[in-house]
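Per-entry structural report
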Amino acid sequence: MPLIKINMYRGRSKAEIKTLLDTTHEAMLEAFKVPVRDRYQIVLEHDKDNMIAQDTGLGFTRTDKFILIEVVSRPRSKESKQLFYQLLCEKLLASSGIEKTDIMFSFVINSDEDWSFGGGQAQFLTGAL
């Protein structure tokens, strides 16, 4: 936890997707200081007609490398979120050639009772985690 959903245009290779997932996990570990096996990622591929992501008037152009990263998480500090944004943009540029203007983030915050990692229990509430 957190759960990371990566929305992208269809067409990347399996190797590109693996690099994207691994790089995202590295940034998440560094920014949020979670255990290494705290890895929950979903890739959602979209046809170009099914995903529109403009610049909200900021003056840049998106490319076919655009990704939207949705993070479902317990509350995180402003500082850790900003570090995650920065780290992931730097790491994805280095590993995948994705420009920072092609990376958009959105956080969805929930609480401890909203998570069950299996076994029909809320491990954050029971003290297992």
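Residues numbered from 1 in each chain as written. Predicted model: local features only at pLDDT ≥ 70, side-chain atom pairs only at ≥ 80, totals over all residues. Heavy atoms only, no water.

1. Points about the layout of surface pockets
How we decide: Cavity means a closed set of points on a 1 Å grid over the protein atoms alone, one where a 1.4 Å probe fits but cannot get out, pocket means an open set with protein on both sides within 12 Å along at least 5 of 7 lines, and lining means a residue has an atom within 4 Å of a point. Grid points are joined across faces, edges and corners, and a volume is the space filled by probe spheres set on the points. Three residue categories are used. Nonpolar comprises Ala, Val, Leu, Ile, Met, Phe, Trp, Tyr, Cys and Pro, charged comprises Asp, Glu, Lys and Arg, and polar comprises the others, including Gly.
Roughly 190 Å³ of volume is contained in the largest pocket. Every residue along the wall of the largest pocket is listed here: M1, V34, P35, R37, D38, Y40, R74, R76, F117, F124 and L129. A class-by-class count of the residues in the lining of the largest pocket yields seven nonpolar, no polar and four charged.

2. Topic: the environment of S111
For the record, the criterion: Helical segments are the DSSP runs of H or I of at least four residues, strand segments are the runs of E of at least two, and each set is numbered from the N terminus. Relative accessibility decides the category of a residue: with a 1.4 Å probe and only protein chains considered, values under 20% of the type maximum give buried, values over 50% give exposed, and everything between is partly exposed. In protein, a polar contact means a hydrogen-donor-capable atom and an acceptor-capable atom, both N or O and within 3.5 Å, with residues adjacent in sequence counting only if both atoms are side-chain atoms; elsewhere, any N or O pair within 3.5 Å suffices.
The topology assignment puts S111 in the loop between β4 (103-109) and α3 (123-126). The partly exposed category is assigned to S111, whose relative accessible area is 25%. Taking C-alpha positions, S111 is 32 Å from K65, a pair spaced 46 residues apart along the chain. Of the polar contacts made by the side chain of S111, one reaches the side chain of E113; its length is 3.0 Å.

3. A word on the sheet that holds strand β2 (residues 40-46)
Quick reminder of the rule: For two strands to count as paired, DSSP must find a minimum of two bridges between them. Under this scheme, a helix contributes an axis fitted over its contacting stretch, all axes are lines through C-alpha atoms, and angles between N-to-C directions fall in the 0 to 180 degree range. When checking whether two residues touch, look at their non-hydrogen atoms; a contact exists if any pair is within 4.5 Å.
Read across the open sheet, the four strands follow the order β2-β1-β3-β4; overall the sheet is mixed. On the outer flanks of this sheet lie β2 and β4, each paired with one strand and no other. Each neighbouring strand pair of the sheet contributes to a mean axis angle of 20°, computed without reference to strand direction. Relative to β4, strand β3 (residues 67-73) runs parallel, the two sharing seven bridges. In the sheet register, E70 faces β4, and the bridge partner there is S106. Contacts from helix α1 (residues 14-32) reach β1 (3-9), β2, β3 and β4 within the one sheet, and its direction differs from that of β1 by about 145°. Seen against the sheet, helix α2 (residues 78-96) touches β1, β3 and β4 and runs at an angle of roughly 150° to β4.

4. Section: the pattern of salt bridges
We count it as follows: The working definition used for a salt bridge is a side-chain nitrogen of Lys or Arg within 4 Å of a carboxyl oxygen of Asp or Glu.
Under the defined criterion, the tally for this structure stands at six salt bridges. Of the charged contacts in the structure, one is a salt bridge between R10 and D47, with a shortest N-O distance of 2.9 Å. Residue R10 is located in the loop between β1 and α1, and its partner D47 is located in the loop between β2 and β3; the two are separated by 37 residues in the primary sequence. Residue class for R10 comes out partly exposed when judged on its relative accessible area of 48%. Here D112 ties to R74 by a salt bridge, and the two come within 2.6 Å at their closest N and O atoms. With D112 in the loop between β4 and α3 and R74 in the loop between β3 and α2, the pair connects residues that are 38 residues apart, well separated along the chain. Take D112: its relative accessible area is 23%, and that puts it in the partly exposed class. Accessibility expressed as a relative area gives 27% for R74, which makes it partly exposed.

5. Some details on the packing of aromatic side chains
The cut-off we apply is this: Aromatic rings from Phe, Tyr and Trp, taking only the six-membered ring of Trp, are treated as a pair when their centres fall within 6.5 Å; an angle between ring planes under 30 degrees marks them as stacked, one over 60 as edge-to-face, and anything in between as tilted.
All told, the structure shown has ten aromatic pairs when counted by the stated rule. The interplanar angle of 50° and the centroid separation of 6.4 Å between the aromatic rings of Y9 and F66 together place this pair among those described as tilted. One end of the pair, Y9, is in strand β1; the other, F66, is in the loop between β2 and β3, with 57 residues separating them in the sequence. Both residues of the pair, Y9 and F66, count as buried. Summarising the aromatic geometry, the rings of W115 and F117 are spaced 5.8 Å apart at their centres and angled 10° between planes, so their arrangement reads as stacked. On the accessibility criterion, W115 (11% relative accessible area) is buried. Within the aromatic cluster, the residues linked to one another by ring pairs are F32, F84, Y85, F105 and F107.

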